[in-house]
Amino acid sequence: MNRFRSFLFALGVLAATAGLHAGFGGFDLSKLADPKTADTVKNGAKALKGLTGIGPEEERVIGGSVALEIVGTYGGLVRDEAVLRRVNLIGRTLAGCSDRPELTWRFGVLNSDTVNAFSAPGGYVFITRGLYALADDDDQLAGILAHEIVHVTKRHALKIVERSEALDGGISLVAQQNSKVRATQAQLQQFDLGIDKIIDTLFKAGFDPKTEYEADSVGRDLATTTGYSRDGLRQVLQKLQQEHLASSKKVFSTHPPLPERIRRL
Amino acid sequence: MKLPVFVVMAVLLAVPAHAAYAPGGTAYTKRLQTSLLAEPAPLASVVAKLQYALKLKVVEVRGAWVRVSAGGNTGWVFAGNLAEQKPAENSDALEHMGVTASETSASAAARPLAPAAVDYADRRGLGQARHDVEWLEHTCDAIPAADVDAYKQTQKKGEFQ
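All values derive from a computational prediction rather than experimental measurement.

What counts and how
Residues numbered from 1 in each chain as written. Chains lettered and ligands numbered in written order. Predicted model: local features only at pLDDT ≥ 70, side-chain atom pairs only at ≥ 80, totals over all residues. Helix = DSSP H or I, 4+ residues; strand = E, 2+ residues; numbered from the N terminus. Buried ≥ 20, exposed ≤ 12 C-beta atoms within 10 Å, placed from the backbone. Contact = placed C-beta atoms within 7 Å. pLDDT = per-residue confidence, 0-100. Pairing = 2+ DSSP bridges. Axes fitted to C-alpha atoms, helices over the stretch in contact; angles between N-to-C directions. Parallel < 35°, antiparallel > 145°, perpendicular 65-115°, else oblique. Left-handed = near helix turned anticlockwise from the far one by under 90°. Nonpolar A, V, L, I, M, F, W, Y, C, P; charged D, E, K, R; others polar. Core = buried A, V, L, I, M, F, W, Y, C linked by C-beta atoms within 7 Å. Domains from an automatic or database assignment. Expected span 1.5 Å × (residues − 1).

**As for the overall build of chain A**
If you tally the helices and strands in chain A, you get 13 helices and 3 strands. Taken over 265 residues, chain A has a buried fraction of 52%. Taking contacts inside chain A between residues at least 6 apart in sequence as the whole, the part at least 24 apart equals 75%.

**Description of the overall build of chain B**
A count of helical and extended segments in chain B gives 5 helices and 7 strands. Out of the 161 residues in chain B, the part that is buried amounts to 37%. Contacts in chain B between residues at least 24 apart in sequence constitute 59% of all its contacts with a sequence separation of at least 6.

**Regarding the confidence of the model for chain B**
All names here are of chain B. Taken residue by residue, chain B gives an average pLDDT of 84. The fraction at 70 or more is 76%. Mean pLDDT across the secondary structure elements of chain B bottoms out at helix α1 (residues 5-14), with 44, and peaks at helix α5 (residues 145-155), with 98. Across residues 5-17, confidence stays below pLDDT 50; counting only partners more than four residues off in sequence or on other chains, it has 11 contacts. Here residues 98-109 scores under 50 on pLDDT; set against residues more than four positions off or in separate chains, the count is 19 contacts. Overall fold confidence (pTM) sits at 0.80, and the ipTM for the predicted complex is 0.83.

**Considerations on the sheet that holds strand β2 (residues 117-120) of chain A**
Residue and element names in this part refer to chain A. Strand order in this open sheet of 3 strands is β1-β3-β2, and the pairing throughout is mixed. Because the sheet does not close on itself, it has two edges, and the strands there are β1 (106-110) and β2. The sheet shows a mean angle of 20 degrees between the axes of neighbouring strands, taken without regard to direction. Sheet topology note: the β2/strand β3 (residues 124-128) ladder contains 4 bridges and is antiparallel. Across the sheet, residue serine 119 finds its bridge partner in β3, namely valine 125.

**A few points about the packing of helix α4 (residues 81-96) of chain A against helix α6 (residues 138-153) of chain A**
Residue and element names in this part refer to chain A. Running from N to C, α4 and α6 point in directions that differ by 50 degrees, and their axes come no closer than 9 Å. By the angle between their axes, α4 is oblique relative to α6. Seen along the crossing, α4 lies across α6 with a hand that is right-handed. The segment α4 lies against α6, with Ile90, Gly91, Leu94 and Ala95 engaging Asp138, Leu141, Ala142, Leu145, Ala146 and Ile149. Each residue belonging to the contact of α4 with α6 can be placed in one class, and the counts come to 8 nonpolar, 1 polar and 1 charged.

**Observations concerning the nonpolar core**
Residue and element names in this part refer to chain A. Grouped together as the largest cluster of nonpolar side chains are 69 residues, with contacts concentrated most on Leu94 and Leu145. With 8 residues, α6 is the single largest residue contributor to this core. Split by domain, the residues of this core number at least three in each of domain 1 (3-59 + 165-197) and domain 2 (69-156 + 205-264). If near-sequence neighbours (up to four positions away) are discounted, leucine 145 is found in contact with Ile90, Gly91, Leu94, Phe107, Val125 and Ile127.

**Quick look at the pairing of strand β4 (residues 55-62) of chain B**
A regular strand carries its side chains on alternate faces of the sheet. Residues and elements named next belong to chain B. Bridge analysis of strand β1 (residues 26-29) against β4 gives 3 bridges, and the strand direction is antiparallel. Residue threonine 26 lies in a different strand from β4, and its bridge partner there is lysine 57. Here 5 bridges tie β4 to strand β5 (residues 65-70), and the two strands are oriented antiparallel to one another. Each residue of the ladder has a partner; that of arginine 62, found in β5, is tryptophan 65. As consecutive antiparallel partners, β4 and β5 are separated by 2 residues, and within that stretch glycine 63 has a phi angle of approximately 60 degrees, a positive value.

**A few points about α6(A)**
Count 3.6 residues to each turn of an α-helix, and residues three or four apart come out pointing the same way. Residue and element names in this part refer to chain A. When the terminal C-alpha atoms of α6 are compared, their 21 Å separation across 16 residues agrees well with the 22 Å that a helix rising 1.5 Å per residue should span. Counting buried residues in α6 gives 14 out of 16 residues, a clear majority hidden from the surface. Just past α6, the residue arginine 155 takes up positive phi, approximately 60 degrees.

**Considering the packing of helix α3 (residues 56-73) of chain A against helix α4 (residues 127-141) of chain B**
The packing of two helices is summarised by the inter-axis angle and the distance between the axes. The N-to-C vectors of α3(A) and α4(B) enclose an angle of 110 degrees; their axes lie 8 Å apart at closest approach. Accordingly, the angle class assigned to the pair α3(A) and α4(B) is roughly perpendicular. Here A:Ala67, A:Leu68, A:Val71 and A:Gly72 of α3(A) come into contact with α4(B), specifically with B:Ala129, B:Arg130, B:Asp132 and B:Val133. In the contact of α3(A) with α4(B), the residues fall into 5 nonpolar, 1 polar and 2 charged.

**Considering unusual backbone geometry**
Residue A:Arg155 is not a glycine yet carries a positive backbone phi of 60 degrees. Its location among the elements puts A:Arg155 in the loop between α6 and α7 (156-162). Residue class for A:Arg155 comes out partly exposed when judged on the 17 C-beta atoms lying within 10 Å of it. Even without being glycine, B:Lys156 reaches a positive phi, approximately 55 degrees. With respect to the secondary-structure elements, B:Lys156 resides in the segment after α5. We classify B:Lys156 as exposed; it has 10 C-beta atoms within 10 Å.

**Regarding the confidence of the model for chain A**
Residue and element names in this part refer to chain A. Looking at chain A as a whole, its pLDDT mean stands at 78, while 68% of the residues score no less than 70. Counting contacts from residues 15-52, a segment whose pLDDT is below 50, to residues more than four positions away or on other chains yields 69 contacts. Note that residues 166-179 has pLDDT below 50 and, in this model, 24 contacts with residues that lie over four places away or in other chains.

Set out below in structure tokens:
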């Protein structure tokens, strides 16, 4: 069985369980083998999907899980409410002009001196303390945040798990589970593997250069439309390059080379 | 030589905020409700309320504002409230998130970590990260939409630029 088909199946179950049963705090394993419940889950998973395969409720589950991994890996969050307020005022102003203004957007600062930024599906955006300190003004900070917002609006992380999926096949597998416990463990395992795939891309492999250049370009347009400088991100990248920070610490290690990004902006 | 103010203003207003929008082209609404305004100004009177993912005809572009027509109505929309392509999500999918057409973005907020994500945190030993993310969500959601609007006005961003 294709593991990503299994991931989507597991995700459909998890999202349907979370979204359709209000107040439910965990997974009711005993119900998964009940044919009526299986139908509910199957129909629910279908109903939750938009036009793109992974629906909003499923995106929320994936996004929350990825956000947990980002925060857990990068030193937790800077709990400075003034900093958080500034980042969120700028971030929400940008997000309001993005292609997905109705998401619940949250912007946080990671307690790490590395220089990087991340986003997770569903509207989570993170900037490291090291990168936050490098931004001289709101325009530069906006340039960074806009780049990450575009990763969310373009569903770049979701495409990692969508790419090799056959949705209907995954959903229909609900009728093939013989052991409710074994089935649930398999679903959870497949779900976790899917999150691992996204995390591996965010932390190690990075998005492909074309995806990053798209985020740079569309993010620049988003910042401009919102009223920030067109050159905010470019200025940050130039500053990094000029100060030779790349040689002393990890700088956008999961992104394409700085000179090429600057040239294209 | 000093240019007359009206000349400078005319040049500025003639520059499209977003090259993608041009007279004769199309645009889409991307908010659950978008106000069609009588004038290219954020506090202008509302001509009509446009529904989500509505296809619009671009009539004119003036700075950050786009004059559009749809369903017999013509009026102005800030470019940041429009999309070049039809939104990917359908309204049914958004309604499953607890968002309805009668709600604003602000009231649709305050959505905590999904139970399945909480379960993921427990399974992966991410208890501290869970506390951090829940703090983030609580603190972010405590910033009201009115504060964002006030920021936009004072900093001249979005429709207030």
